[in-house]
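The lines below spell out each chain.
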Amino acid sequence: MNFIFLGPPGAGKGSLAVKVATAYGIPHISTGDIFRAAIKNQTELGKKVKAIIDSGALVSDDITCALVKERLAADDVRNGFILDGFPRTIPQAETLATFCPDVTVINFLIQDAIVVERLSTRRVCRSCGANYNIISLPPKTDDVCDTCGGELYQRDDDTVDAVAHRMEVYREQTEPLIEYYSKKGTLIDIDAALSTDRVFAVFQEQFPNG
C-alpha cells in the first residue's frame, strides 16, 4: 500500500503517519527526512542538497524528485510507504507518476480556523522536541516538558500570522493536487478535525491491515 498524505499544515498528517507506519509496517517518509539522510550519508545528491541549503536557496523539483526516487528504491518500501510533504506541486506529482504510478492519496479535510487554533497553541520542547498543545494536550507544568523538563516554546512559524502565510502557500502550491488526484480517481477524503485516534480508526476501516 503506497500512500500520499495530502493536507494543510496542522491537519495531523504526521501524527496519523506515525500510527499507520507502526501498525502497517511501512515507512513514513518526509522530504525533510530524505534531505537529512542524504546529507548525512554524503550521497552525490546529498552533497548537492547541502550546498543548496547552505547557500540559502530552495532545492529544485528535479533534485527533490530524484531524492524521492532514490528513497523509494530502498528495501524497506517493498510493502508500501507513506509520503508526507511530497508531492507539493503538480509538476512533482507528474514526475512521481513516472516512477511510482500506484498511489492512494489521503486528503485531510479540515477548516482553516481549526488549523490556526491547533498550530498557534502548539508548544515544542527545546531539548527533546516533544510536542504539546496548551488546549488539547497541555504539559503538567506550564512551559515545562513532562518528559525531560526542558523549556517549551512556540515556533516562529506557529504564530497566527505565520500560520496564515503557510496556509496561503498551501492554497497556491499544493491544493491544486486535490483536483489532480481526484480526476485520477485515487483521492480519498478523511475528516482531519477528529482526534488522531478517531482518524486512525477511520483509516483502518478504509484500509484493513491484513
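Structure: above.
Basis of the calculations
- Residues numbered from 1 in each chain as written.
- Predicted model: local features only at pLDDT ≥ 70, side-chain atom pairs only at ≥ 80, totals over all residues.
- Heavy atoms only, no water.
- Pairing = 2+ DSSP bridges.
- Helix = DSSP H or I, 4+ residues; strand = E, 2+ residues; numbered from the N terminus.
- Contact = heavy atoms within 4.5 Å.
- Axes fitted to C-alpha atoms, helices over the stretch in contact; angles between N-to-C directions.
- Phe/Tyr/Trp six-rings, centres within 6.5 Å; stacked < 30°, edge-to-face > 60°.
- Buried < 20%, exposed > 50% of the residue type's maximum accessible area, 1.4 Å probe, protein only.
- Polar contact = N/O pair within 3.5 Å; in protein donor to acceptor, adjacent residues only side chain to side chain.

### Focus: the sheet that holds strand β5 (residues 122–125)
Hydrogen bonds between backbone groups are what pair the strands of a sheet, and the pairing can be parallel or antiparallel.
Inference 1: The antiparallel open sheet is built from three strands, whose spatial order is β6-β5-β7. The sheet terminates laterally at β6 (131–133) and β7 (152–153), the two strands that pair on one side only.
Inference 2: Where β5 lies against β6, three bridges are found, and the strand directions are antiparallel. Across the sheet, the residue bridging to R122 is N133, located in β6.

### Focus: unusual backbone geometry
Inference 1: The peptide bond linking F86 to P87 adopts the cis configuration, its omega dihedral lying at -5°.
Inference 2: Structurally, P87 can be placed in the loop between β3 (81–84) and α5 (90–99).
Inference 3: Positive phi values are uncommon outside glycine, yet Q42 reaches one of about 55°.
Inference 4: Take Q42: it is sitting in the loop between α2 (31–41) and α3 (44–54).

### Concerning the environment of V124
Inference 1: Checked against the element boundaries, V124 lands in strand β5.
Inference 2: Each C-alpha atom, one on V124 and one on L152, is 5.2 Å from the other, the two residues being 28 residues apart in sequence.
Inference 3: Apart from residues lying up to four places away in sequence, V124 is in contact with G129, A130, N131, E151, L152, Y153 and R155.

### Quick notes on the sheet that holds strand β4 (residues 104–109)
Inference 1: With parallel pairing, the five strands of this open sheet are ordered in space as β2-β3-β1-β4-β8. Since the sheet does not close on itself, it has two edges, and those belong to β2 (28–30) and β8 (187–191), each with one partner. The average undirected angle you get between the axes of adjacent strands in this sheet is 25°.
Inference 2: By the bridge criterion, five bridges tie β4 to β8 in an arrangement that is parallel. Note that in β8 the partner of L109 across the bridge is D191.
Inference 3: Against the sheet, α2 contacts β2 and β3, and its axis sits at roughly 80° relative to β2.

### Things to note about the packing of aromatic side chains
Inference 1: Per the stated rule, a full pass over the model turns up seven aromatic pairs.
Inference 2: When the centroid spacing of 5.3 Å and the interplanar angle of 55° are considered together, the rings of F5 and F108 count as tilted. Of this pair, F5 sits in strand β1 (residues 2–6) while F108 sits in strand β4, and the two are 103 residues apart along the sequence. One exposure class covers both F5 and F108, and it is buried.
Inference 3: Members of the aromatic cluster, each reached through a chain of ring pairs, are F3, F5, Y24, F108, F203 and F207.

### Points about the side chain of R122
Inference 1: Tracing the backbone through its elements, the reader meets R122 in strand β5.
Inference 2: In this structure the side chain of R122 is engaged in a polar contact, spanning 2.9 Å, whose partner is the side chain of D158.
Inference 3: Among all residues touching R122, those that are not within four sequence positions of it are N131, Y132, N133, Y153, Q154, R155, D158 and R166.

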